[in-house]
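The chain contents come next:
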Amino acid sequence: MTEETMTLEVTRYRPGHDREPRTQSFTVPYRTDWVVLDALNHIKDRIDGTLSYRWSCRMGVCGSCGMMVNGVPKLTCAAFLRDYRPGPIRVEPLANFPVIRDLVIALDDFMEKLRRVKPWIIRAVEKPVSDGEYLQTPAQLDAYKQFSMCINCMLCYAACPVYGLEPAFLGPAAIALAYRYNLDSRDEGYRLREPVLSEAVGVWECTFVGECSVVCPKGVDPAAAIQRSKLAGATDWLLSMIMPWAGRR
Amino acid sequence: MATRKTSEPFWWLLFAAGGMVAALLVPVHLLVHGLAVPLGWTSISHARMLALAGHPLVKLYLFALIALPLYHWAHRFRFILEDLGLRGLRTPIAILCYGAAVLGTVATLWVLWQI
Amino acid sequence: MTAPRVERPGLFYPKLPATWWLRNANYFRFMLRELSSVFIALFLVVFLVQLHRLSQGPGAYAAYLETLRAPGWIIFHVVALAFALYHSVTWFNLTGVVQVVRLGERQVPPRLVAGASFALWAVVSVVLLWFLLRG
Ligand code: SF4
Ligand code: FES
């Protein structure tokens, strides 16, 4: 019996050689328990060792294996070959990002945006360690928990046409993370993050296409975070118009 | 940038209010004034329509019904144009769209004033 | 305006074509949703003209209603009604996402909020119909 196989159409790009990415087809064995990442590893080990891509955990935690699979942003370690039969499967680098080589994209822009929203707990005055932890009720945890599940895989950026058209846009994951800390009962950094969010290229750039929330592998719902941040920003603005004397949140 | 930064919440609030008005009220009005009355499924006499529209509270209602969704249009249309790749013309597009909505608001006031 | 991105040599920068919204069904539905605002606004302009004719007397009003009987106008209003309904449905579906409603400490599930807005829409529509069509 001949072994069942599947074809992968993989994007290749060699910096300095290619002016544009091109496609190369590989035939790999088909296994019901294989994910796209397994197929790529097979190619790299057995067929072409020059194929470049990122991965690490193999279990949907590290967020480094994101690629376009048949045009949809996916964690390749969670995309089973069996869901794409009979193939071929198109594997491309994450959309909207500059390509460094083959399936590897540049992260700098996203990293810079993450830093900009200060995704850590900010206190006006830190209390001394001897005073113990900052306590939180289960309800206070629930308020932001969903938005803290992000693994920085950037699938949402690849799904966002606004980011594709306007690279300066702060983007789904960064805003969701800012929102997550703004919602945290232990945090006092709202005023420091607000200027970043309320820039024109912050929340206002978003047109609520909503695809970021569809592709997110962790159920973060960045689109909700962005719209709620707009509502909060607009309410703030309205209050400051009606009552300029009142101190804002 | 500075002006965009401060004016976005303002236009967004008008957009949101207009979207809500449009979602709640427009389908019924469209059905009645755009289809039912012209097609003769029902009729609203000139006298009754005039008496209705002449009432100050109804005028206020009509003003909100017509003017607010214009801002909803302006906001969305502006971003449609930008999303279709006209990013180089962002400022003129914004001025044209919101400007048209403001004109429409003035026209609404004028028409209602005449009734 | 935002400063243009500095492109590093050697990297490939993809460009999103203006036809991106044809790439998947969700993008396309998004475009339809945004486009609904155009039809809603057009209808309101037509309605405004109708109100203007109303103030010009019974003759002008009747003539305008006659104009609206033309097949072209009927088609326009049918299409506009479809878009208006699409707007309402998408809008109320999303209210639950945008507006966080709390009861005490707990957040009301977005589905319930959306459901409540649909109910409100139904009530408002019935009241409005009754008001417009009675006697
Ligand atoms: S929000 Fe979701 S899709 Fe976006 S980076 Fe985080 S986990 Fe990935
Ligand atoms: S390899 Fe870590 S998320 Fe896929």
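Residues numbered from 1 in each chain as written. Chains lettered and ligands numbered in written order. Predicted model: local features only at pLDDT ≥ 70, side-chain atom pairs only at ≥ 80, totals over all residues. Heavy atoms only, no water.

1. Digging into the environment of G34 of chain B
Here G34 of chain B lies in helix 1 (residues 2-36). A relative accessible area of 0% means that G34 of chain B is categorised as buried. For the pair G34 of chain B and V102 of chain B, spaced 68 residues apart in the sequence, the C-alpha separation amounts to 24 Å. Those residues in contact with G34 of chain B that lie beyond four places of it in its chain are H29 of chain B together with F43, I74 and H77 of chain C. (Helix = DSSP H or I, 4+ residues; strand = E, 2+ residues; numbered from the N terminus. Buried < 20%, exposed > 50% of the residue type's maximum accessible area, 1.4 Å probe, protein only. Contact = heavy atoms within 4.5 Å.)

2. Points about the nonpolar core
Counting 121 residues, the largest nonpolar core has L8 and L40 of chain A, V26 of chain B together with L51 of chain C as the members making the most contacts within it. A domain-level breakdown of this core finds at least three residues from each of domain 1 (5-105) and domain 2 (108-242) of chain A. Discounting chain neighbours no more than four positions away, the residues touching L51 of chain C are M49, A53, L62, I66, V111, L112 and I115 of chain B. Of all hydrophobic cores here, the second largest spans 13 residues; its members include L14, L70 and W73 of chain B together with V38 of chain C. (Core = buried A, V, L, I, M, F, W, Y, C linked by side-chain atoms within 4.5 Å. Domains from an automatic or database assignment.)

3. Points about the site of ligand 1
Around ligand 1, a shell composed of C150, I151, N152, C153, M154, L155, C156, A173, C216, P217, V220 and P222 of chain A is seen. For the shell around ligand 1, the per-class residue count stands at eleven nonpolar, one polar and no charged. (Near = heavy atom within 4 Å. Nonpolar A, V, L, I, M, F, W, Y, C, P; charged D, E, K, R; others polar.)

4. Regarding unusual backbone geometry
All names here are of chain A. In this structure, the amide linkage connecting R85 to the following residue, P86, adopts the cis form with an omega of -5 degrees. Checked against the element boundaries, P86 lands in the loop between strand 4 (72-75) and strand 5 (89-92). Here the bond from G87 into P88 is cis, since omega is -5 degrees, no more than 30 degrees from zero. Locating P88 in the fold gives a position in the loop between strand 4 and strand 5. The backbone of K118 sits at a positive phi, close to 50 degrees, despite the residue not being glycine. Mapped onto the elements, K118 comes out in the loop between helix 2 (108-116) and helix 3 (138-145). One non-glycine residue with positive phi stands out, namely D221, at about 60 degrees.

5. Some details on the interface of chain C and chain B
Contacts between the two partners involve 52 residues from chain C and, on the opposite side, 54 residues from chain B. Overall, the association of chain C and chain B removes approximately 4,900 Å² of surface from exposure, summing both partners, and the carbon and sulfur fraction of that is 78%. Scanning the region where chain C abuts chain B turns up one salt bridge. The shortest N-O distance in the salt bridge between R76 of chain B and E34 of chain C comes to 3.3 Å. Inspection of the chain C/chain B interface yields 13 residue pairs in polar contact (both at pLDDT 80 or more). Those elements giving two or more residues to the side of chain C that touches chain B turn out to be helix 1 (25-55), helix 2 (58-68), helix 3 (71-98) and helix 4 (110-133) of chain C. Ranked by the residues each element gives to the side of chain C that touches chain B, the list is headed by helix 1 of chain C, at 19 residues. Tallied by class, residues from the side of chain C that touches chain B come to 36 nonpolar, twelve polar and four charged. (Buried area = accessible area lost by both parts, 1.4 Å probe. Salt bridge = Lys/Arg side-chain N within 4 Å of Asp/Glu carboxyl O. Polar contact = N/O pair within 3.5 Å; in protein donor to acceptor, adjacent residues only side chain to side chain.)

6. Remarks on the confidence of the model for chain B
Averaged over every residue, the pLDDT of chain B is 91; residues scoring 70 or more account for 95%. When mean pLDDT is compared element by element in chain B, helix 3 (residues 56-83) of chain B scores highest at 95, while helix 1 of chain B scores lowest at 88. (pLDDT = per-residue confidence, 0-100.)

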